Structure formats: C-alpha cells, structure tokens
Amino acid sequence: MTRKGLLVIGDVVTDVVALHGGPALAGLALGTDTAADIVLRPGGSGANTASWAAHLGADARILTRVGFDTGEWHAAELRRGGVRPHLRVDPDRPTAVVIAMIDATGERSMLTNRGAGGHIGVDDWDDGLLDGVRHLHLSGYTLFAEPGLQLSRLALAEAALRDVTISVDPASTGFLRSFGAERFIQETLAAQLIIPNLDEALLLTGESSAERAAERLSLRYGAAAVKLGSRGALMARDGKLTARVPGIAAEVVDSTGAGDAFAAGLLTALLRGVADETALNAGGRAGAEAVTAVGGRPRISASDLGTDQLYPLNTN
C-alpha cells in the first residue's frame, strides 16, 4: 500500500485571542481596562499545521498531549478539521494556554503556559503511529522540555529507519535561544528540511541575511525554506538558492498561525512532487489565507459548527 500520511508531532493549545485597537503592547492601558474583542480558539503550532494540511487535502495526523480540562473539545475540533488525532489526556495538568494580544496591524504578543504539552514524552509514542506515514513533521516546541526531547529523538530515529522523510519547524526564537542554536541543529539533523522564519534562521546560523542563512542551513539539512512574512519566502538546497517567491497581499486581521499554515502548504505541495517555487507559492497562499481570520486554523463554516463550537468570550 502506498504511504501518503503526514504525521505531525507537536502542541495543541487553547488560544485566548484578544484584539485591541492600539499599537502593540503600548495600546494596553496599565492599571485599568482596555476594550478588546476576545475569543477562544483551538490552536498550537503543531495542531495548526496538521489542520491546515488536512484542509489542503493531506492525510494529516497529529501526536500530541492535552489536558483534563479541554481535551475532548480539542479532539473534536481536530477531527472536524479532518485531522486524525493521536492524543493522550493528562489527568493532572490543563491543556497548554496562550494569551495572544493582537494589535491594530495584526501582530501578536503572547503569554504562554505549556501545560500538558510540555510533558509529552516517549510514553506517548507507539511504532504504529508511522504506519502509512510518508512524512514526519516535528514542531520545535516538542524539543524544549526534556520529556519531549526524548520523544523527538525516538521519533526521528524510528522515522529514519522506516524511510519516512522528516521536516522540522524551530517554532520560537525565545525557546530556541534558551535551548541553544547548535544544540537544536544537532538534535534535528535527521530531518531533510527545516522551515524557520527569518529570525529563527538568523539565530540558527549567525548570518545577517535570509539568503545566506538559507544556504547555510541547507548544507546542514539538505533543504531550508525560510519564511519572510509579507516579503514571501525562499528555498535553498545543498548550499544553493533554488527558488524565491514574493509575498501575497492579504488584509491582515491576525497573524497567528500564518507560519504554521505556510508549512502545511509547503509540505503538502512538496509531497505531491512539485518544484520548489510552486511549493513556496502554495505555502504563501495558505499563509495569506490564515492572516485574514482570527485564530490559527482554517475557517469553519457556520453550518459545520455543533454544540462544541468556537465560543466567543466577548464581542465588543
């Protein structure tokens, strides 16, 4: 049987998204109230990528850990989005929570509690997870706690043994800096593709340009796709740039999940065997679609919503 599955290992997060009208954090009134539109959304870098991949037609699965508080809701949301969830409910911890404050430009500042997601480990792994899987995508957040680091080592080794291709997303400059750039590279060298944003690429390489960073990373991994936000993206393979695409114009409401959507678009296209430029454009289209709505997942029509719908907390 031909393998076609895309397995993501990563986080599921309860996103509390607050849209305020001011410039970045300066728009918050200290010591008193700031009016905002506040909504609750399912999120998490890994879960967002899996959801966008399913939205784009991939056979997407995710391995993750959720908490006792919202685990059933998250499982239902993943299934409704077309993702096959493989998750363990942590009886002692809540699901990870991110409070995302979105300014007037769509840029976000985040407060993060990793909750159950920070405790995913080798006990969550099963060799059967790779049955029918062609590609493994690892969210960098998984590596930033010791249990997840051990899981990542196991999953990468098993994928390599089964000739499953691998990609990795560094996920966060803050966590990456604390973990160590060279250490991150050494832990993920089994991957054949890395998908950083510009800040992550520069941090991982010490270079001062996206082009040089991509080329250098591609010498370590084989291929590197660097996300440049509104300026597009570029790809390098074996030390040479192979493609560059401009950004796609979009009305930015919320940039949450745009990079995750890009990764999903890129991967689903590459798995279809298209050229690098075509794959970068597919990633760009998904990212552009992502920024036009609140939250990090594809839009779900009202007719698809059931009793476990996405609950608005406040609608000013």
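Residues numbered from 1 in each chain as written. Predicted model: local features only at pLDDT ≥ 70, side-chain atom pairs only at ≥ 80, totals over all residues. Heavy atoms only, no water.

As annotated in an unreviewed UniProt entry, the protein carries the name Sugar/nucleoside kinase (Ribokinase family) and comes from Streptosporangium album. Its UniProt record, at the heading Sequence similarities (unreviewed entry), says of the protein: "Belongs to the carbohydrate kinase PfkB family." (UniProt positions renumbered as here; feature names shortened; annotations may be inferred.)

Peer 1: Help me understand the nonpolar core in this model?
Peer 2: As a rule of thumb, soluble globular proteins bury nonpolar side chains together. By size, the foremost hydrophobic cluster in this structure holds 41 residues, and its most contacted members are Trp125, Leu136 and Phe184. Setting aside residues up to four positions removed in sequence, Leu136 forms contacts with Leu7, Ile9, Ala155, Leu156, Ala159, Val164, Thr165, Ile166 and Ser167. Judged by nonpolar contacts, the second largest core, of 18 residues, contains Val12, Leu78, Ala261 and Ala290. (Core = buried A, V, L, I, M, F, W, Y, C linked by side-chain atoms within 4.5 Å. Buried < 20%, exposed > 50% of the residue type's maximum accessible area, 1.4 Å probe, protein only. Contact = heavy atoms within 4.5 Å.)

Peer 1: Any chance you could explain empty space enclosed by the protein here in plain terms?
Peer 2: The probe, sized like a water molecule, is rolled over the atoms to show the empty space still left. Inspection of every chain in the model, using the stated rule, returns one cavity of 30 Å³ or more. Of the pockets and cavities examined, the largest cavity occupies roughly 50 Å³. Around the largest cavity, the lining residues are Gly10, Asp11, Thr64, Arg65, Arg114, Gly117, Ile120, Tyr141 and Thr142. Grouping the constituent residues of the lining of the largest cavity by class yields two nonpolar, four polar and three charged. (1 Å grid on protein atoms, 1.4 Å probe; cavity = no way out; pocket = protein on both sides within 12 Å on 5 of 7 lines; lining within 4 Å. Points joined across faces, edges and corners; volume = space filled by probe spheres on them. Nonpolar A, V, L, I, M, F, W, Y, C, P; charged D, E, K, R; others polar.)

Peer 1: Explain the packing of helix H6 (residues 198-205) against helix H7 (residues 210-221) here, please?
Peer 2: At a minimum axis separation of 9 Å, H6 and H7 run at an interaxial angle of 60°. Considered as vectors, H6 and H7 are oriented oblique to each other. In this structure, H6 crosses over H7, and the sense of that crossing is left-handed. For the pair formed by H6 and H7, the contact residues are Leu198, Ala201, Leu202, Leu204 and Thr205 on the first element and Ala210, Ala213, Arg216 and Leu217 on the second. (Axes fitted to C-alpha atoms, helices over the stretch in contact; angles between N-to-C directions. Helix = DSSP H or I, 4+ residues; strand = E, 2+ residues; numbered from the N terminus. Parallel < 35°, antiparallel > 145°, perpendicular 65-115°, else oblique. Left-handed = near helix turned anticlockwise from the far one by under 90°.)

Peer 1: Which parts of the structure should I look at to understand unusual backbone geometry?
Peer 2: Backbone phi values are negative for most residues with the exception of glycine, while trans is the configuration of most peptide bonds. A positive phi angle, near 60°, is found at Asp163, a position not held by glycine. Relative to the helices and strands, Asp163 resides in the loop between helix H3 (146-161) and strand E9 (165-169).

Peer 1: Where do I start with the side chain of Asp260 in this structure?
Peer 2: You can see Asp260 is positioned in helix H8 (residues 258-271). Here Asp260 sits buried without a salt bridge, and the closest side chain of opposite charge, Lys227, lies 5.7 Å off (N-O distance). For Asp260, the side chain forms a polar contact with the side chain of Asn48, separated by 3.1 Å. (Lys, Arg positive; Asp, Glu negative; His and termini not counted. Salt bridge = Lys/Arg side-chain N within 4 Å of Asp/Glu carboxyl O. Polar contact = N/O pair within 3.5 Å; in protein donor to acceptor, adjacent residues only side chain to side chain.)

Peer 1: I tried to follow H6 on my own but got confused; where do I start?
Peer 2: In an α-helix, one turn spans 3.6 residues; hence positions three or four apart end up facing the same way. Taken as a whole, H6 has its buried residues at Glu200, Ala201, Leu204 and Thr205. For H6, the arc enclosing every buried residue in end-on projection is 115°, short of the 170-degree limit, so these residues lie on one face. Lining the buried residues of H6 we find E9, helix H4 (173-179), helix H5 (181-187), strand E10 (193-194), H7 and strand E11 (223-227). The backbone nitrogen of Asp199 lies 3.2 Å from a side-chain oxygen of the residue at the head of H6, namely Asn197. The positive-phi residue at the C-terminal boundary of H6 is Gly206, with phi of around 75°. (Arc of directions from axis to C-beta.)

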